[in-house]
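# Chain and residue survey
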Amino acid sequence: MALLRSIAISSNKTITLAPSARALTTTTLPPLPYSYDALEPVISGEIMMLHHQKHHQTYVTNYNSALELLHTAMDKGDVSAVVGLQSAVKFNGGGHINHSIFWKNLRPVNAGGGEPPHKKLGWQIDTDFGSFNALISKMNAEGAALQGSGWVWLAFDKELKRLKVETTANQDPLVTKGATLVPLLGIDVWEHAYYLQYKNVKLEYLKNIWKVINWEYAGEVYEKEAQ
Amino acid sequence: MSKRTVEIHWGKHHNEHVERLNKHLKTSAFYGHTLEEMVKATYNNGSPLVEFNDSSSVWSHDFFWESMQPNGGSMPKGGVLDQIKKDFGTFTNFKDEFTFAALSIFGPGWVWLYLKKNERKLAVAPTQNAISPLVWGDIPIIGLDMWEHAYYLDYKDDRSAYVNNFLDHLVSWHSVMVRMMRAEAFVNLGEPKIPVA
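Residues numbered from 1 in each chain as written. Chains lettered and ligands numbered in written order. Predicted model: local features only at pLDDT ≥ 70, side-chain atom pairs only at ≥ 80, totals over all residues. Heavy atoms only, no water.

As annotated in an unreviewed UniProt entry, chain B is Superoxide dismutase from Rhynchospora pubera. Under the Sequence similarities (unreviewed entry) heading, UniProt states for chain B: "Belongs to the iron/manganese superoxide dismutase family." (UniProt positions renumbered as here; feature names shortened; annotations may be inferred.)

Under the annotation held in an unreviewed UniProt entry, chain A carries the name Superoxide dismutase and is attributed to Rhynchospora pubera. Looking at the Subcellular location (unreviewed entry) heading of the UniProt record, one finds this comment for chain A: "Mitochondrion matrix". The annotation that UniProt attaches to chain A under Subunit (unreviewed entry) is "Homotetramer."

## Observations concerning the overall build of chain A
Regarding its fold elements, chain A presents eight helices and five strands. The helix and strand sequence of chain A, counted from the amino end, reads β-β-α-α-α-α-α-β-β-β-α-α-α. Every one of the 227 residues in chain A was classed for burial, and the buried ones make up 50%. Across chain A, the fraction of contacts at a sequence separation of at least 24, relative to all contacts at a separation of at least 6, is 65%. Taken as a whole, chain A presents about 11000 Å² of accessible surface, with 56% of it coming from carbon and sulfur. (Helix = DSSP H or I, 4+ residues; strand = E, 2+ residues; numbered from the N terminus. Buried < 20%, exposed > 50% of the residue type's maximum accessible area, 1.4 Å probe, protein only. Contact = heavy atoms within 4.5 Å. Areas by Shrake-Rupley, 256 points an atom, 1.4 Å probe, with all protein chains shown as cover.)

## Focus on the pattern of salt bridges
Residue and element names in this part refer to chain A. Here the structure, examined in full by the defined rule, presents 11 salt bridges over all chains. Between lysine 138 and glutamate 142 there is a salt bridge, and its shortest N-O distance comes to 3.4 Å. Here lysine 138 pairs with glutamate 142, and both are found in helix α5 (residues 132–145), just four residues apart, close to one helical turn. Assessed through its relative accessible area of 26%, glutamate 142 is described here as partly exposed. Shared partners join several salt bridges into a network, and the residues in it are Lys164, Glu166 and Lys177. (Salt bridge = Lys/Arg side-chain N within 4 Å of Asp/Glu carboxyl O.)

## Side note on the environment of Ile209(A)
Structurally, the position occupied by Ile209(A) is in helix α7 (residues 202–209). Other than its neighbours up to four places away in sequence, Ile209(A) contacts Val42(A), Ile43(A), Phe102(A), Leu106(A) and Ile187(A).

## Topic: the UniProt feature "domain: Manganese/iron superoxide dismutase C-terminal" (unreviewed entry) in chain A
Taking the numbering used here, the UniProt-annotated feature "domain: Manganese/iron superoxide dismutase C-terminal" (unreviewed entry) corresponds to residues 118–218 of chain A. Regarding residues 118–218 of chain A, the helix share stands at 41% and the strand share at 24%, and the terminal C-alpha atoms are separated by 11 Å.

## Observations regarding a nonpolar patch on the surface
The grouping of Met177(B), Val178(B) and Met181(B) at the surface amounts to a nonpolar patch, some 280 Å² of accessible area in total. By the element assignment, Met177(B) lies in helix α8 (residues 173–183). (Patch = residues over 30% accessible without salt bridge, like charges linked within 9 Å, V, L, I, M, F, W, Y side chains within 5 Å.)

## Focus: the interface of chain B and chain A
Opposite the 20 residues of chain B that make contact, chain A presents 18 residues. In total, about 1800 Å² of surface goes out of reach between chain B and chain A, with carbon and sulfur atoms giving 59% of it. One can count one salt bridge joining chain B with chain A. For the interface between chain B and chain A, the tally reads five residue pairs in polar contact (both at pLDDT 80 or more). Elements supplying a minimum of two residues to the side of chain B that touches chain A: α1 (3–25) and α6 (148–155) of chain B. With seven residues, α1(B) is the single largest residue contributor to the side of chain B that touches chain A. Classifying every residue of the side of chain B that touches chain A gives six nonpolar, seven polar and seven charged. (Buried area = accessible area lost by both parts, 1.4 Å probe. Polar contact = N/O pair within 3.5 Å; in protein donor to acceptor, adjacent residues only side chain to side chain. Nonpolar A, V, L, I, M, F, W, Y, C, P; charged D, E, K, R; others polar.)

## Thoughts on the pairing of strand β2 (residues 121–128) of chain B
Residues and elements named next belong to chain B. As judged from the eight bridges shared by strand β1 (residues 109–116) and β2, these two strands associate in the antiparallel manner. When the bridges of β2 are listed, tyrosine 114 appears paired with alanine 123. Linking β1 to β2, which pair antiparallel, is a turn of four residues; within it arginine 120 sits at a positive phi near 55 degrees. (Pairing = 2+ DSSP bridges.)

## Quick look at the sheet that holds strand β3 (residues 150–157) of chain A
All names here are of chain A. Strand order in this open sheet of three strands is β4-β3-β5, and the pairing throughout is antiparallel. Each edge of the open sheet carries a strand with a single partner, namely β4 (162–169) and β5 (181–188). The sheet shows a mean angle of 25 degrees between the axes of neighbouring strands, taken without regard to direction. Strand direction decides the pairing type here: β3 and β4, joined by eight bridges, are antiparallel. The residue bridging aspartate 157 from the neighbouring strand is arginine 162, located in β4. The sheet strands contacting helix α3 (residues 86–105) are β3 and β5, and the helix crosses β5 at an angle near 75 degrees. The sheet contacts of helix α4 (residues 119–129) involve β3, β4 and β5, and relative to β4 the element is tilted by about 80 degrees. (Axes fitted to C-alpha atoms, helices over the stretch in contact; angles between N-to-C directions.)

In structure tokens form, the structure reads like this:
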């Protein structure tokens with residue numbers, strides 16, 4: 001999303017934005033790489049449909065609205081309006097980012113979902129966590145312990161060159177926990193992600209979701225960043 | 001609100017908080033506090049201690065169940081209605097404000113009708129996660145759980161249907177009246193009618 005603008009600093013106390021050609025690119029809902037019922041019985045078709053068509057779509061719609069309001073506020077130089085819109089941008093933009101990653105993190109069993117990582121990512125996991133199972137246990141524990149809504153991530157720290165399990169609250173993207181963190185896998189632990197099927201038993205959802213995790217995608221992202 | 005939702009919300013979610021709170025209380029320094037005192041103390045002015053989440057959730061859920069009744073909704077009467085009109089203009093304005101606040105929450109939270117002690121008026125506010133007006137020292141009058149588990153089975157993502165049904169069919173104006181009466185022991189809402197001798 002490109003914002004073209006020139007910044008003229010008129011004094012060391014004020015920054016003037018000269019609005020030149022500003023392109024407002026709206027975000028759109030990415031399509032799912034598989035059908036809604038393709039992840040059954042791990043995640044029901046009903047949940048996938050609601051999750052994609054309602055929840056993710058709402059984040060996209062509200063992000064676009066917030067962005068339009070932001071552009072207007074910026075054009076008018078309305079600083080308090082700009083600042084006031086930050087939480088809407090973070091929440092809805094974050095929701096869009098996180099869910100876009102999430103759809104790629106999942107894969108139907110008959111297309112390789114659940115197949116454990118091999119090669120470089122597999123070795124890195126063994127190095128940083130001891131074993132693949134240790135990583136799964138840790139992610140499940142952190143996901144289960146998360147109070148409220150949020151995400152549990154398998155992150156790669158580009159700087160320290162190691163893997164890390166992180167959690168973020170609400171729709172905060174992974175970068176809010178560290179600018180050098182790259183998301184390999186994210187698991188949505190908002191109640192809407194599992195409630196219709198698993199009710200309050202979040203741990204059951206977490207234990208089962210590994211059957212449809214797309215480790216190939218995680219491996220690709222990892223190898224690209226680890227160079 | 002379906003039976004299934006109440007069974008799971010009360011029997012599992014609420015119950016889990018009660019059990020975890022009891023576990024904390026075995027070793028907590030706050031053992032012996034009333035629940036309300038414990039919520040305020042463990043909130044710790046914004047840096048909540050480990051007991052806050054469960055103590056506040058237990059309190060809020062107790063408050064929530066009692067904010068509803070079978071065949072609830074419709075209109076409040078008498079002094080409660082007068083106070084609402086005084087502080088919101090019209091009853092419809094109150095409902096609109098309550099609904100708007102409920103839908104404005106990012107993530108899990110609650111929406112409250114509460115009595116501001118210092119300003120001596122009713123107001124509506126949304127809160128995040130397990131926070132309630134207790135933490136800032138005001139008096140809750142109605143509490144509505146806006147966490148997804150509270151409505152998802154019955155309404156999926158349609159939060160406004162959930163809030164409207166709560167206001168139109170569930171909210172217990174009788175509880176509100178009792179809570180307002182109790183609040184008047186702490187907040188002077190009007191001038192006393194002193195008879196001329």
